[in-house]
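Descriptive structure summary
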Amino acid sequence: MRPVANIYLLLAAFLLAGCGKTEKPRRPLTAQEQRGERVYQANCAQCHGTAEIGPTQGPAMTGLYSKPYLPSGAPANDERVTEVIKQGKRMMPGYARTLDDAQVADLVAYLKTQ
Ligand code: HEC
């Protein structure tokens, strides 16, 4: 094989290997999403986990809004997610008295980034 062709092969292998490893670039969180992240860490992470640590109770929150339906089959929209957060669901406590509307809105904004 000619040396020039070898260089192209090496380059192709290098690019292919690199492609598989690149992760989806994540944009930095907005101020609202950062507030929501703090609310999540303080109130939800102990059951629903984080991207690094999986959930201990209930479903993982990663990709919650990337599917049309929530784990229960209800539509994945702000109304439904807000209702679950405020009212709770079976083993999940409700947060209507713990979190105000602004905190719940921040939380929903954060969940959309997950
Ligand atoms: C004590 C553990 C616990 C905590 C704390 C908790 N959850 Fe849950 N969560 C659950 C369980 C269990 C379920 C599954 C409920 C079911 O469908 O039976 C659930 C379900 C959910 C669902 C899916 C509802 C559906 O319709 O599929 C969402 C969204 C959710 N939780 C968000 C949150 C958020 C946001 C917080 C923080 C404010 C939170 N949870 C705090 C245990 C918890």
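Before reading on, note that the structure itself is shown above.
Residues numbered from 1 in each chain as written. Predicted model: local features only at pLDDT ≥ 70, side-chain atom pairs only at ≥ 80, totals over all residues. Heavy atoms only, no water.

1. Points about the coordination of the iron atom of the ligand
The protein atoms donating to the iron atom of the ligand are His48 (NE2) and Met92 (SD), with metal-donor distances spanning 1.9 to 2.2 Å. For the iron atom of the ligand, the 6 donor atoms in the first shell make angles of 84 to 178 degrees at the metal, a pattern classed as octahedral. In this pair, His48 sits in helix α3 (residues 45-48) while Met92 sits in the loop between α4 (78-87) and α5 (101-111), placing the two residues 44 residues apart along the sequence. On the basis of relative accessibility, which here comes to 12%, the residue His48 falls in the buried class. (Donors = N, O, S within 2.8 Å, 3.2 Å for Na, K, Ca; no water. Tetrahedral: all angles 85-135°; square planar, octahedral: opposite > 155°, others 65-115°. Helix = DSSP H or I, 4+ residues; strand = E, 2+ residues; numbered from the N terminus. Buried < 20%, exposed > 50% of the residue type's maximum accessible area, 1.4 Å probe, protein only.)

2. Topic: the packing of aromatic side chains
Between two aromatic rings, the relevant description is the distance of the centres plus the angle of the planes. Under the criterion given, the structure shown has 1 aromatic pair. Ring geometry for Tyr40 versus Tyr110: centroids 5.6 Å apart, planes at 45 degrees, classification tilted. With Tyr40 in helix α2 (residues 31-43) and Tyr110 in helix α5, the pair connects residues that are 70 residues apart, well separated along the chain. Classification of Tyr40 as buried rests on a relative accessible area of 3%. Looking at Tyr110, the relative accessible area reads 5%, which means it is buried. A cation over an aromatic ring shows up here: Lys112 above the ring of Tyr65, its NZ or CZ 5.4 Å from the ring centre. (Phe/Tyr/Trp six-rings, centres within 6.5 Å; stacked < 30°, edge-to-face > 60°. Lys NZ or Arg CZ within 6 Å of the ring centre and 35° of its normal.)

3. With respect to the pattern of salt bridges
Per the stated rule, a full pass over the model turns up 5 salt bridges. Glu83 serves as the salt-bridge partner of Arg80, at 2.8 Å between the closest nitrogen and oxygen. With Arg80 and Glu83 both in helix α4, this residue pair falls 3 residues apart, about one helical turn. Given the relative accessible area of 42%, Glu83 is considered partly exposed. (Salt bridge = Lys/Arg side-chain N within 4 Å of Asp/Glu carboxyl O.)

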